[in-house]
Every structure is written in structure tokens, then in C-alpha cells.
Amino acid sequence: MSGFGQCRFCSENPFAVLFGSKPEEKKTRVQVAPKAKTPSKRNEANFQRRSEEEVKETVARWEMYVHPRAKEFFSDAKQLEEVLSQLAKGTDRNADPVLGSDKECVHWYGDVTKDELQAAIRMVKPGESSESITYVNRVLAFLFATDESFEKLMQLPKEPFRMSCGDQLCVNLAHISVSTC
Ligand SMILES: [Zn+2]
């Protein structure tokens, strides 16, 4: 039996902030009045992939900034490295969602969820053997947000976080909105 049972205990687990609700559970979500959708400014034609070497460099640079809560969670350093390298591969070689400028959007060129185009990666959670889909902005917050922002983000619904720039394919850590409205 391998269902995704939601027990009361899990919902109190701080790590739940990382994984959020699974896209396939969205059916039950209450539909709010549709907002005018801001189309993403992402232009795939501009995407410049990082080379293998650049991915490694980027991962090494980010590793120094990973919050202890994430290091504890990924007790296997290889798993953390794998997640970071997916983030490096999904972003442009000239952009940095973690350490870059907060002025410009950092667009995501990796996987997106089908229903509402949210940046996503597949990852194997520690202790599990199969991959699950995780929203990039939740992963970023989990890995890099300060305690103060992380606490605020944990109060928000377990969905992809809203981006303050209005572009859900932007993955700039500084653009993740901690506002509850
Ligand atoms: Zn942005």
C-alpha cells in the first residue's frame, strides 16, 4: 500500500512546506474568480543552457548557502546535489535565482506542471524510492529562505507560491511573495 495518506501528523511537519499538495489533488481546490492571467515573459528562444561544468560550479556555489534545515533533511548529500543541479539546469547560464539580482526575473526552462504552468522538478524525497513532483519555488524557499521568510511562507497554502512579479515561471528567490493576500 503506497498511497499518499494525509495524516494529521504530516500536515504539521515543517517539511510539508517543501512538497505542498500534489498537482493531481488540485481538483478539489475551490476555484476563485479567475484573475487576468499574466502571461509569462519567458522566451524559450533566449534560453542558454549551462554546460556540465557550469552546472557543477553553480551547484558548488549554491551549496554554501543552503540552509541547515535542508542539509538536515537531505542527509544524503548526493540527493541535495541532484536537486541543486536540476535547478541549475532549468535556469539560464546568465541568471542566478538564488544569488543574482532581485531586480530581474529569472525564468524557468525546466519542467512545468500541465494544468497551470508552474515551474516544477521531479525529486526523490529522502526515504522514498520513487520521484514526486515538487514546485520549484517551494524547493527554493526550503533550501535558501531565511528563517523569518520561511516561517511566513509556511503559513501559506501548500501550493506553488505566488511570485510578487506576477510571473509564475519566474523562479527568482527574491520574487517569492510572502504576502498572504
Ligand atoms: Zn520575477
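Residues numbered from 1 in each chain as written. Predicted model: local features only at pLDDT ≥ 70, side-chain atom pairs only at ≥ 80, totals over all residues. Heavy atoms only, no water.

A. Structural detail: helix α5 (residues 77-89). For α5, spanning 13 residues, the distance from its first C-alpha to its last is 18 Å, which sits close to the expected 18 Å at 1.5 Å a residue. Where α5 is buried, its residues meet α3 (52-63), β1 (120-124) and α6 (136-144). The residue sitting at the N-terminus of α5 and contributing the capping side-chain oxygen is D76; that oxygen lies 2.9 Å from the backbone nitrogen of K78. (Helix = DSSP H or I, 4+ residues; strand = E, 2+ residues; numbered from the N terminus. Expected span 1.5 Å × (residues − 1). Contact = heavy atoms within 4.5 Å. Polar contact = N/O pair within 3.5 Å; in protein donor to acceptor, adjacent residues only side chain to side chain.)

B. Molecular detail of the coordination of the zinc ion. Protein ligation of the zinc ion involves C105 (SG), C165 (SG), C170 (SG) and H175 (ND1), the donor distances falling in the range 2.1 to 2.4 Å. Around the zinc ion sit four donor atoms; with metal-centred angles ranging over 101 to 115°, the donor geometry is tetrahedral. The motif formed by the donor residues of the zinc ion, counted along the single chain, is C-x59-C-x4-C-x4-H. By the burial criterion, C170 is buried, and H175 matches it. (Donors = N, O, S within 2.8 Å, 3.2 Å for Na, K, Ca; no water. Tetrahedral: all angles 85-135°; square planar, octahedral: opposite > 155°, others 65-115°. Buried < 20%, exposed > 50% of the residue type's maximum accessible area, 1.4 Å probe, protein only.)

C. The nonpolar core, seen in detail. The biggest cluster of nonpolar side chains holds 36 residues, and the ones touching the most others in it are L84, L87, L140, L143 and F144. Listed by contribution, the elements that provide at least two residues to this core are α3, α4 (68-73), α5, β1, α6 and α7 (147-154). Of all the elements, α6 adds the most residues to this core, at seven residues. With residues near it in sequence (within four places) discarded, L143 still touches Y65, V66, H67, A70, F74, L80, V83, L84 and L87. (Core = buried A, V, L, I, M, F, W, Y, C linked by side-chain atoms within 4.5 Å.)

D. Looking closely at the side chain of H175. Inspection of the secondary structure assignment puts H175 in the segment after α7. In terms of polar contacts, H175 uses its side chain to reach the backbone carbonyl oxygen of D102, at 2.7 Å. Beyond its immediate sequence surroundings of up to four residues, H175 is in contact with D102, K103, E104, C105, R162, M163, S164, C165 and C170.

E. How the structure looks around the packing of aromatic side chains. Under the criterion given, the structure shown has five aromatic pairs. Ring centres of F47 and Y109 lie 4.2 Å apart, and the angle between their planes is 15°; this geometry places the pair in the stacked category. Pair noted here: F47 is in the loop between α2 (16-19) and α3 and Y109 is in the loop between α5 and β1, with a separation of 62 residues, a long-range link. Assigned by exposure class, F47 and Y109 land together as buried. Aromatic side chains F73 and F142 sit 5.3 Å apart centroid to centroid with 80° between the ring planes, which places their arrangement in the edge-to-face category. Here the residue F73 occupies a position in helix α4, and F142 occupies one in helix α6, the gap between them amounting to 69 residues. Judged by relative accessible area, which is 0%, F142 ranks as buried. Cluster of aromatic residues (ring-pair linked, three or more members): F73, F74, F142 and F150. (Phe/Tyr/Trp six-rings, centres within 6.5 Å; stacked < 30°, edge-to-face > 60°.)

F. Main features of the pattern of salt bridges. Taken as a whole and judged by the stated rule, the model has eight salt bridges. A salt bridge links K152 to E148, with the shortest nitrogen-to-oxygen separation between them at 3.8 Å. In this pair, K152 and E148 both sit in helix α7, four residues apart, roughly one turn of the helix. Here K152 falls in the partly exposed class, since its relative accessible area comes to 40%. (Salt bridge = Lys/Arg side-chain N within 4 Å of Asp/Glu carboxyl O.)

G. Just unusual backbone geometry, in detail. Within the chain, L117 stands out as a residue other than glycine whose phi angle is a positive 45°. Looking at L117, the relative accessible area reads 47%, which means it is partly exposed.

H. Representation of the pairing of β1 within the structure. Here β1 runs beside strand β2 (residues 131-135); their pairing, made up of five bridges, is antiparallel. Each bridged residue has a counterpart across the sheet, and for R122 the counterpart in β2 is I133. Hairpin connection from β1 to β2: six residues lie between these consecutive antiparallel strands, with G127 at a positive phi of about 85°. (Pairing = 2+ DSSP bridges.)

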